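Examining the three-dimensional arrangement
Residues per chain, in single letters:
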Amino acid sequence: MALQGPEEVGEQVEEPEDLDDQDASSVSPAEEITLPPGAGGDEEPVEAFLLPWDRFSAWLHCICVVGFDLELGQAVEVIYPHHSKLSEREKTSICYLSFPDSNSGCHGDTQFCFRFRQGSNRKSSLGCFLETADRDAPPCLKREQGHYYGYVYFRQVRDKSLKRGYFQKSLVLISKLPYVTFFHSLLKSMAPAYFEKQEPCLEAACNDIDRWPTPHPGRILTLPIMGVVIKVRIPTSYDKPGTSQLVQSAQSDSSVSIVLPTIHEVDLFRCFFPVYFHIQMLWELVLLGEALVVMAPSPAESSDTVLALVSCISPLRYCSDFRPYFTIHDSEFKEYTTRTQAPPSVILGVTNPFFAKTLQHWPHIIRIGDMKQAGEMTKQTKVKKLKNLKTLDSKPGVYTAYKPYLNKDEEIIKQLQKGVQQKRPSAAQNAILRRYFLELTQSFIIPLERYVASLMPLQKSISPWKSPPQIRAFNQQDFMKTLEKAGPQLTSRLKGDWIGLYRHFLKSPNFDGWFRSRKREMTQKLEALHLEALCEEDLQQRIQKHTEVEAVDLVLKLKDKLSQAETEQLPLRPGTLTKLRAHIDAVILALPEDLQGILHKPPTP
């Protein structure tokens, strides 16, 4: 999705004004409020055709219960719905990733998340529908293609009736959606009741979810689960970056138990507090796709910190692999820890002390202490040398030899320090940091957006009777020349080697992913403009000057265009496809009857 500068942001999609004023009694068990067609709304009532469990599948792949068996170790005890499919490799990954390492000392209830590779390429019956929903999602909230997320609620409590002396069990939601805040909130409603009532409770929760509307961007949803109602809004790519996505409802909305202002954002300040003197350097490392490992005392702190790192370059999508919680049993353990080649472009979150030795050759290591002590001022202001990191007991800090391209921004550090001293609320500190990262990323990406937009052919070069013109190739030297007058200095106060940062970024997976996405959008826009130009032509008059063979060829080409427009969801003006179908019908009717039969003559009214 194209990023927009403060002055270039399009029209904001707003919540309907009468939402909070409606009578609570009018709220249905699973209510959806949709936007008009275009910016996140639906053009057709697709959901009327969904089958049982389709709605569930739009949110989750399955729900797993992972327990500990004295003889077998960790094992998947229940998979629900029972028809859900997981390969043995996927089950093994879920087993090991759903329990904290023994050294973590997690007593009571703990929540965290992990991410693992999908074992086989499963095609969903919802494929086309989900692609439509994904089209309007922000880059960071699109469905995962080759990975699943696992959202975990782990309970460990002393139980003398058990041989092991402890009750240890995890309830795990497996999904393609990166809605971390939403799914953690969902688990808080589901897990305690499940641990008390077991499987009947799980079945009831799944039936609730299968009655939910699907998570289409732009919708405000009220979602009932286990006797509570969660209210959320699914963000769209049209939203103004940095704005609150859902305002707390008025008291009249008495049926809603939980209102989530965000479905995916973690508390950046809490996550980065142990190393907040280095936030700008961390932003550079993530932007450039550098190999990073986060060493933390628990899976909760590990996963939150990795997710914070990935989100700090938002609205740019992080395109490399990342594992919020990674263990020595992971199927990619050997691939990611080998010393025979340079560390891959990946961010790992670990808790096992073994990794302090195994990954000591990695170039950038972040050591996170206990986040519960975030009220104290950190004394760690200098970057530490890698050779000083021996064990997981080392002091919190950033261990690297990396030299940032940009000069350090002292203003943001002073602002956050002042907030700590004055005991500013964590939510306010988080908002300050999130806005800082957003403005930094936008200052960096806007020159790229401006240059890539210049590669688009002029609209007057589009002819309905020729193939759509090609986008010009990205030329690094040409782009660098534009930075002299239209670089990040226009929107950022930061000084430093911006040119060097861009050169490095252009070689990174994040640039490759971003440019592929922009090129695909621009190509689709050209196809759409070409199709719209074709629809404005008088085709019947044109075919009178051509042979039957040429007319049939035109029909076949138009049908291909129609199929492409529907499959790729081209960004067409309303009514374009209706016009195109009418053109196809008109051309067919102008042909002899035998050819009309071959070309599937449309039924007469």
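Just above sits the structure.
Residues numbered from 1 in each chain as written. Predicted model: local features only at pLDDT ≥ 70, side-chain atom pairs only at ≥ 80, totals over all residues. Heavy atoms only, no water.

1. A few points about the overall build of the chain
Our working definition: Only DSSP runs of H or I reaching four residues or more are called helices, and only runs of E reaching two or more are called strands; each is numbered from the N terminus. Summary of the burial criterion: residues with accessible area below 20% of their type's maximum are buried, those above 50% are exposed, and those between are partly exposed, where the area comes from a 1.4 Å probe applied to protein chains only. In what follows, a contact means two residues having at least one pair of non-hydrogen atoms within 4.5 Å. To be clear on the numbers: accessible area is Shrake-Rupley with a 1.4 Å probe, and residue cover counts the displayed protein chains and nothing else.
When its secondary structure is counted, the chain shows 19 helices and 14 strands. Counting over 605 residues, the chain shows a buried share of 53%. Restricting the contact set of the chain to residue pairs at least 6 apart, pairs at least 24 apart contribute 74%. For the chain, the computed accessible surface area is about 29,100 Å², with 51% contributed by carbon and sulfur atoms.

2. Brief notes about the environment of histidine 147
Mapped onto the secondary structure, histidine 147 falls in strand β5 (residues 147-158). For histidine 147, a relative accessible area of 14% translates into the label buried. For the pair histidine 147 and aspartate 321, spaced 174 residues apart in sequence, the C-alpha separation works out to 9.5 Å. Setting aside residues no more than four positions away along its own chain, histidine 147 makes contact with Arg115, Phe116, Arg117, Gln118, Lys176, Asp321 and Arg323.

3. Side note on the packing of aromatic side chains
This is how it is decided: In this analysis, rings of Phe, Tyr and Trp, with Trp reduced to its six-membered ring, are considered paired at centre separations within 6.5 Å, and the interplanar angle assigns stacked below 30 degrees, edge-to-face beyond 60, and tilted for intermediate values. Cation placement over rings: the criterion is NZ of Lys or CZ of Arg within 6 Å of the ring centroid and within 35° of the ring normal.
Applying the stated criterion across every chain, the model contains 42 aromatic pairs. Considering the side-chain rings of phenylalanine 182 and phenylalanine 183, the 5.2 Å spacing of their centres and the 65° angle between planes classify their relative orientation as edge-to-face. Phenylalanine 183 sits in the buried class, given a relative accessible area of 0%. Arginine 115 extends its terminal NZ or CZ atom over the ring of phenylalanine 322, reaching a point 4.1 Å from the ring centre.

4. Looking at the environment of glutamate 88
With respect to the element layout, glutamate 88 can be found in helix α2 (residues 88-97). Judged by relative accessible area, which is 57%, glutamate 88 ranks as exposed. When the C-alpha positions of glutamate 88 and glycine 119 are compared, they lie 8.7 Å apart, and in sequence the two are 31 residues distant.

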